[in-house]
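Per-entry structural report
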Amino acid sequence: MSLITTLGRLEAVRAGHAQPAATVRHRRLSDRPLVLVPLTTAGETGAPLGALVGTDRAAPRLLAVPQPRDRDLRFAFLAELADVVLPYIDGYAESVEAAERTETDPETGKRVKVEVELCAEAPQLIVPSRAGIDLVRLLGRSMRFRRTAEQDPEAPHPAPPRVPLLGRWLTHFGERARVPGSSLLTALSELLARHWTTGQSGLEDQHLGALLAWIDPPEGVPGAEAALRAELARDADGQLLCPPAGPATDPAFDNRLLAPAVERYDRARTALAAAEDGLEADDRLGALTAAEREIRALVESRTRPTWDAVWHGIDLLRTLPEGAHVEERWTRDRWSFTGHRDRVLAGEPPQPRRDDAVTAANKLAAREREQARLDAQEALDDPLVMAGRRLAGEAFAGEVTDVVLAYTEGRRPSPRPLVTVRTDDRPHLGERARVHRSLDGRPQSAEFAGYAPDEGAGDGEGALVVLRIMDKMGRGREPEAGSVPEKGDRVCFTLFEHEQRGGAKLPDAERTPWTHGGPPGGSDAPEPADPVTEEDVL
Amino acid sequence: MPPPRTRGTALRQRLADLRGPGVQAKALDARALAALAANPGCRRRAILDGAGVDKAALADALGVPSGFGQSQFAFMRGNAFEARVKADGGAELLRLVHRTLDPGAEPPGRAEVPDLTAAGPEGRVARTALALREATGAPGGTGAWTLLDHPLLALDVAGSPAFLEPDAVVVHPDGGWTVVEIKSFPMLDGSADPGKVGAAARQAAVYVLALEEVAARLDPAPPVRQRVLLVCPKDFSNLPTASAVDVRKQRAVTARQLTRLTRIEDIADALPGGVCFSPGLPAAQLTAAVETVPASYAPECLAACELAFHCRARSRAAGAVTALGRSVRAELGGLSTVDDVLAAAHGEAGDPGDPAVAALRRAAALRTEALALAAAPGADGPRDPARAGREVSPCR
């Protein structure tokens, strides 16, 4: 954490409400995000208990599993979830625009441009917290290898038809969420913590209610007090007034409310199964429906506050203007979405349990590259982020005090103007270090030529940095107008590059060297489904 | 009160007084011990745990309940899974140990499962030690597998004994001992949540330490294996799968931290007379009693200590910057309160020659500049309607 963030936290403590950690919004917020507030059953691996899901804040769809250990009920939940999520995703898969992509021609081996489709917009899934993202991944993993009755008529416990497809999509969303700066699947608490600094620790910021209490405390209540209430206040029955954002539930809720309700449901179901005639069955069916309704009400009571909090958070984020580079990163999300759409359409098998060496290396390289890109772009978009980089000596800002035109030696001299910048920052400039600035959105680079003697106030603060501008000045002998800073201009140079270069190219998966396990075992057979056991939990 | 005969009984009496009359001591478990070792500087936790005070009850009595609790769903499933792993005389468990840790040994056929019941914790500890000695036999082992189901081990923690109950300990045919930890979080495609595995490893390291004490009393001392067996449900099923976890590092860290714990005697001696932590006392008196022992609160405590909310409230009230995270404290040099730091940052106090103060002032200046730039009219800065009017100059 940079000292600037730390100061922000301390200022927040004193002010009693959160302080800005960003001056622009660094992530895309879709106009129509799909919000998912899931709950799981404690102890069972990701076994869903219920969820609120939907795109309309006023009308979420409530899903509940009255007996989380019952496989059929879990499948019914997942099928219902698929009914909401898949049409939402499909809605974005159809509208496309033409785009170009460079691909290696398989015959000639040359890089050629090909016309491809790019989805005009992409879906966005928002969950309350980081744990919600993990659950999306887990649900994806649990569903994508399932077999439906159509695929495998013999197997016991077939999955409902669209469940494996939902598993593949959730896996893709979960995988994409690991790419820095991506917005296909995001956790609201992380978005908020990125844009506001609260007066509590980062650990405590993971509590969505407490985080929101700091950012937007009720009128006249200090943030710390509001956050404490969100964290701990309980009603007369010992239930939290602000239920945790999940997916885990509060143990007091499990033990005092949920467990008795599940037990009542079980009893009603056993009674119904034992009913001897139609009349009796009708009565008992009524009892069962009532028990189920009770559990649905319980699930709604724990998810609705979080649902409202998520939309409240979205409202707060929307008040920030979008950063200049967000659109570009969102386009990468659209490519990612389009790519997976194409893989699904092409009938490719679900994502494997484990990536092969080349895919894994590619993923890691992509994440590192995107992290570097995100760091650079956020700094360029946001003076507050840039301030952190300046404090760290990775950038400097100042006023141009002198410009001297100079040229390269040679038959066709090119301009290499020397620009002197007075700065109070302390960049870590090595000899002939490259620095960069943004010139109408494109990076211009310069070379550090040395420090000029400072005749002004020699109070130790500030330095005169001489830079030799290297490029983006046109082809002529004279630099193009506006391409060289003028005396009196405010400029900001960074020591990091603005655009990321791709790393070394990795071989195709079929040419994986033996050091990395050799080519992936050439079985084209689809990965087997998880074995179904009697006590299967998900 | 009759005069104490020895220093040991004196301490025991002193700790009993701290607990309060008629209050049973709460045994330290491995989880608490691992948490204690993670924050060795906290005297409050050390004395309360050492005296066997029920911190959850104490937190309730202080009016800041801990919020720790276990869902009965998780509890039931954890028990069901453990029972399944140990079913049938531990056949499945021993098969896992054999395959994962000791494939060279002869496969476990019928294993010894000695009865470990005895009266009282001391009795159970003695029974466990005896069973371990019998199962180990002559140097080189007895050639048979033995499973100890829920043995009880004792470990000296800062001068008072803690009783620890691992899920199981296995004695190999060659006489080596292995700690088995059974957890109900899943191992998905061969990997599990690293945070949970880390916690399990720290817990197992405590058992390894305790086992080593038992082993040291045997001659020759049988080897305590430094790789423990972590048993978890496989993927989404209820079937067990296992993985060997090397706990040498955690063991070394825990051992070092335990030696660093201030001796409980010393803490107890520093307390004023008449201090008592009995949950039956009024809240004001308890608050004063708790205040007599210094704590070292950090946000990590929230996940590990029942008293954390109380300590947090005190820490915040005192304006301690550590309440915002240990890393925050680390970069602020000698400044430890919010007011000191802000005064230094805004040039109201502090020595500008101090590098920490100089860095703070630069940070404050840069932050103010950036916020002013963003808020300047015309610039496409942020306007937060929720905040409008309230946040004109966050850095004065």
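Given the structure is predicted, the values throughout are model-derived calculations rather than measurements.

What about the overall build of chain B?
- When you go through chain B residue by residue, the secondary structure sums to 14 helices and seven strands.
- Seen along its three principal axes, the alpha-carbon backbone of chain B occupies a region of about 80 × 65 × 40 Å.
- Here chain B holds 396 residues, and the buried ones make up 43% of them.
- At a minimum sequence separation of 6, the contacts of chain B that also span at least 24 residues come to 64%.

As for the overall build of chain A
- Helices and strands together make up the secondary structure of chain A, namely twelve helices and 15 strands.
- Projected onto its principal axes, the C-alpha positions of chain A cover 105 × 70 × 40 Å.
- Burial status across chain A gives 41% buried among its 538 residues.

Remarks on the interface of chain B and chain A
- Across the boundary between the two partners, chain B contributes 54 residues, which contact 53 residues of chain A.
- Counting residues per element, the ones that place at least two in the side of chain B that touches chain A are α5 (72–101), α11 (308–317), α12 (326–330), α13 (338–345) and α14 (355–375) of chain B.
- A total of twelve residues in the side of chain B that touches chain A trace back to one element, the largest contributor, which is α14(B).
- Within the side of chain B that touches chain A, the residues separate by chemical class into 31 nonpolar, twelve polar and eleven charged.

Things to note about helix α2 (residues 71–93) of chain A
All names here are of chain A.
- The end-to-end C-alpha distance of α2 is 31 Å, a good match for the 33 Å that 23 residues give at a rise of 1.5 Å each.
- Within α2, the axis deviates most sharply at A82, by approximately 25°.
- If you check which residues of α2 are buried, you get R74, F77, L78, L81, A82, V85, I89 and Y92.

Comments concerning the sheet that holds strand β2 (residues 34–40) of chain A
Residues and elements named next belong to chain A.
- Reading across from one edge, β4-β3-β2-β7-β8 is the order of the five strands in this open sheet, with mixed pairing throughout. This sheet does not close on itself; its edge strands, each paired only once, are β4 (61–64) and β8 (185–187). In this sheet, adjacent strand axes meet at a mean angle of 20° when their direction is disregarded.
- As paired strands, strand β3 (residues 48–54) and β4 are joined by four bridges and run antiparallel to one another. Following the sheet pairing, A51 is matched in β4 by L63.
- In this fold helix α3 (residues 130–144) packs onto β2, β7 (125–127) and β8, with an angle of close to 145° to the strand it touches most, β8.
- Contacting β7 and β8, helix α5 (residues 188–195) crosses the sheet at an angle of about 65° to β8.

A word on the domain arrangement of chain B
- What the domain assignment lists for chain B is domain 1 (12–69 + 263–324), domain 2 (72–259) and domain 3 (331–374).
- Taken over C-alpha atoms, the centre of domain 2 of chain B sits 52 Å from the centre of domain 3 of chain B.

A word on the environment of B:E306
Residue and element names in this part refer to chain B.
- Its place among the elements puts E306 in the loop between α10 (283–291) and α11.
- Overall, the presence of 23 C-beta atoms within 10 Å leaves E306 in the buried class.
- As a C-alpha pair, E306 and L58 span 248 residues in sequence and 8.6 Å in three-dimensional space.

Let's talk about the packing of helix α6 (residues 208–215) of chain A against helix α7 (residues 223–232) of chain A
Residue and element names in this part refer to chain A.
- Put simply, α6 and α7 touch, their axes get as near as 8 Å, and they point 160° apart. Between α6 and α7, the angle is such that the two are roughly antiparallel. As for the relative orientation of α6 and α7, their crossing is right-handed in sense. When α6 is examined against α7, the residues G209, A210, A213 and W214 are found in contact with a partner set consisting of G223, A226, A227, A230 and E231.
- In terms of residue class, the contact of α6 with α7 is made up of six nonpolar, two polar and one charged.

Section: the sheet that holds strand β6 (residues 227–233) of chain B
All names here are of chain B.
- With mixed pairing, five strands are arranged side by side in an open sheet as β1-β4-β5-β6-β7. In this open sheet, the two strands that pair with only one neighbour each are β1 (146–149) and β7 (240–246). Across the sheet, the axes of successive neighbouring strands diverge by a mean angle of 25°, strand direction being ignored.
- Bridging between strand β4 (residues 168–171) and strand β5 (residues 177–182) involves four bridges; their strand directions are antiparallel. Along β5, the bridge assignment pairs V169 with V179.

Criteria and cut-off values
Residues numbered from 1 in each chain as written. Chains lettered and ligands numbered in written order. Predicted model: local features only at pLDDT ≥ 70, side-chain atom pairs only at ≥ 80, totals over all residues. Helix = DSSP H or I, 4+ residues; strand = E, 2+ residues; numbered from the N terminus. Buried ≥ 20, exposed ≤ 12 C-beta atoms within 10 Å, placed from the backbone. Contact = placed C-beta atoms within 7 Å. Nonpolar A, V, L, I, M, F, W, Y, C, P; charged D, E, K, R; others polar. Expected span 1.5 Å × (residues − 1). Bend = angle between axes of the 7 residues up to and from the residue. Pairing = 2+ DSSP bridges. Axes fitted to C-alpha atoms, helices over the stretch in contact; angles between N-to-C directions. Domains from an automatic or database assignment. Parallel < 35°, antiparallel > 145°, perpendicular 65-115°, else oblique. Left-handed = near helix turned anticlockwise from the far one by under 90°.

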